[in-house]
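# Summary of the model geometry
In case you want the letters, here they are:
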Amino acid sequence: MYSNFNLNKVGLLQEGGIVVITIKDVAEKAGVSIAAVSYALNGTGSVSFETKKRILDVVKELDYVPSENARRLKQKKSKSIGLILRSFVTGFYGVLVEGASLTSPRYNVNLEVHISPLPREDLIYSITQSNVNGFIILHSDFMDEDIWKIKKGGIPIVFLDREIREEKISSVVINNAGGISLVFDHLVKTGHKRIAYMRGDGCYDDKKRFEGYVNSMKKYARPIDDSLILTGGFTEYAGYYAFRDAHSKMLQLPDAICCGNDSMAWGCIRAIEELGFRVPEDISVTGFDGYFIKPENMPLTTVYNPAGQIAQKAVEEVVRLMKPGEEGRVTVVEPKVLIRDSTVYRM
């Protein structure tokens, strides 16, 4: 389901926090009654074109965000939650949607799925003006400062791609750094000495996974060599060209490459084989996620990212936040390593 929204301006800020604008403030500045403002915003009642325009101009000027929670309670609508995704490009997203759709009926809530490549400003407006009771968000364009705009609307939110706990805002995240540490441990125990890492696109998951690589290098007292850090982009195409570019500059090949996701790993493997090397005999390769399957290739050693479990916990968390007085929290889901054919024992 795709959503189209208009742009809303950023919330007013001053020293000490956000200025909370109420419907009364809008009414006073526009010189109308509170009821008239409500009619203009909801499309109900009788308000002239000129009055409605004046009200909407004031709403824009003051950055007023209506309390959608209060509106929904007043209208007594059935509960629903929205799952907002930036894209739907790998099997991970399919399992995530399936997990949320299987869990939501247990709590008598409807699930709406939005695949939205829209700019973050439109996404924020989507959230603050929505008719659903809460959101689960996995959207890399969303910035931390946007949290303040959401808080004005009071809508419960659960993020899947950042760690944050605020009033009515929680996170459910995979232990990214821990997952990379697990697969790094496996590579060390199987005799790999020169372990490279292929980074993604700079998002939260990428930063945390790279943090796991750095921590592991320090754990085993191995110097961090810049030539062993490759930059992909979380796509197969990026992984392919990242290795080809790095290979042309390497004085010594790594005996293993730990990739930030499965897509990059498959691109990396293709590049390795085209250059005349063998996986895993010459270079072991690992991924992260466990959902990008290429039947024509060998099974990939990877960090399994339990999307179904994450979705279940996210639905449970957003339902909890709908209750009065509940505060946000961070829930961390632990991954595991799936040992397959793309790595080898070198002892």
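These notes cover the structure that comes with them. (Residues numbered from 1 in each chain as written. Predicted model: local features only at pLDDT ≥ 70, side-chain atom pairs only at ≥ 80, totals over all residues. Heavy atoms only, no water.)

This part is about the overall build of the protein. Summing up its helical and strand segments, the protein has twelve helices and 14 strands in all. Per-residue burial over the protein gives 50% buried out of 347 residues. (Helix = DSSP H or I, 4+ residues; strand = E, 2+ residues; numbered from the N terminus. Buried < 20%, exposed > 50% of the residue type's maximum accessible area, 1.4 Å probe, protein only.)

Inspection of the entire model under this criterion finds ten aromatic pairs. With a centroid separation of 5.8 Å and an interplanar angle of 45 degrees, the aromatic rings of Y197 and F210 are classed as tilted. Pair noted here: Y197 is in strand β8 (residues 195-199) and F210 is in helix α9 (residues 204-219), with a separation of 13 residues, a long-range link. The residues Y197 and F210 share a single accessibility class, namely buried. Both rings, one in Y240 and one in Y241, keep their centres 4.8 Å apart while their planes meet at 85 degrees; by these two values the pair is edge-to-face. What links up through ring pairs into an aromatic cluster is the set F184, Y197, F210, Y213 and Y220. Above the ring of F210, the side-chain terminus of R199 is found at 4.1 Å from the ring centroid. Residue placement shows R209 over the ring face of F288; its charged tip is 3.7 Å from the ring centre. (Phe/Tyr/Trp six-rings, centres within 6.5 Å; stacked < 30°, edge-to-face > 60°. Lys NZ or Arg CZ within 6 Å of the ring centre and 35° of its normal.)

With that settled, the discussion passes to the nonpolar core. Counting 38 residues, the largest nonpolar core has M198, Y213, F243, I257, C259, I272 and V285 as the members making the most contacts within it. Secondary-structure elements contributing two or more residues to this core are α8 (176-189), β8, α9, α10 (236-247), β10 (256-259), α11 (262-274) and β11 (284-289). When sequence neighbours within four positions are dropped, the list of residues in contact with I272 reads F243, I257, F277, R278, V279, I283 and V285. The next biggest cluster of nonpolar side chains, apart from the first, holds 28 residues, and it includes F92, V109, V113 and Y291. (Core = buried A, V, L, I, M, F, W, Y, C linked by side-chain atoms within 4.5 Å. Contact = heavy atoms within 4.5 Å.)

Turning our attention to the pattern of salt bridges. According to the stated counting rule, one finds 16 salt bridges in the structure shown. A salt bridge links D57 to K53; the shortest N-O distance between them is 3.1 Å. Of this pair, D57 and K53 both sit in helix α3 (residues 49-62), four residues apart, roughly one helical turn. Its relative accessible area of 41% is what places D57 among the partly exposed residues. Look at K53 and you get partly exposed, because its relative accessible area is 45%. Of the charged contacts, one joins D289 and R209 as a salt bridge, the two residues approaching to 3.8 Å between their closest N and O atoms. One end of the pair, D289, is in strand β11; the other, R209, is in helix α9, with 80 residues separating them in the sequence. Both residues of the pair, D289 and R209, count as buried. By sharing partners, the salt bridges in this structure join E317, R320, E326 and R329 into a single network. (Salt bridge = Lys/Arg side-chain N within 4 Å of Asp/Glu carboxyl O.)

This part is about α10. The terminal C-alpha atoms of α10, which comprises twelve residues, lie 17 Å apart, in line with the 16 Å expected from a rise of 1.5 Å per residue. Buried within α10 we find E236, A238, G239, Y240, A242, F243 and A246. Elements that come into contact with the buried residues of α10 comprise β8, β9 (229-231), β10 and α11. (Expected span 1.5 Å × (residues − 1).)

The six strands lie next to each other as β9-β8-β10-β11-β12-β14, forming an open sheet whose pairing is mixed. On the outer flanks of this sheet lie β9 and β14 (336-338), each paired with one strand and no other. Within this sheet the neighbouring strands show an average axis-to-axis angle of 20 degrees, counted without direction. Relative to β14, strand β12 (residues 301-304) runs antiparallel, the two being bridged by three bridges. (Pairing = 2+ DSSP bridges. Axes fitted to C-alpha atoms, helices over the stretch in contact; angles between N-to-C directions.)

Our focus in this paragraph is unusual backbone geometry. The peptide bond linking V279 to P280 adopts the cis configuration, its omega dihedral lying at 5 degrees. Within the secondary structure, P280 sits in the loop between α11 and β11. Its identity as a non-glycine residue notwithstanding, A221 has a phi of 55 degrees, on the positive side. Note on placement: A221 falls in the loop between α9 and β9.

Reading across from one edge, β4-β3-β5-β6-β7-β13 is the order of the six strands in this open sheet, with parallel pairing throughout. Strand pairing shows two members of the sheet lacking a second neighbour, β4 (110-115) and β13 (330-333), which therefore form its edges. With direction set aside, neighbouring strand axes in the sheet form an average angle of 20 degrees. Judged from the five bridges that link them, strand β3 (residues 80-85) and strand β5 (residues 134-138) form a sheet pairing that is parallel.

A separate point is the pairing of β10. Alternating positions in β10 separate into two faces, A256 and C258 on one and I257 and C259 on the other, with burial throughout. Bridge count between β8 and β10: four bridges; the pairing is parallel. Residue pairing across strands places M198 opposite C259, the latter belonging to β10. One crossover worth recording links β10 to the parallel β11 by way of α11, and it is right-handed. (Right-handed = clockwise from strand over helix to strand, strands pointing away.)

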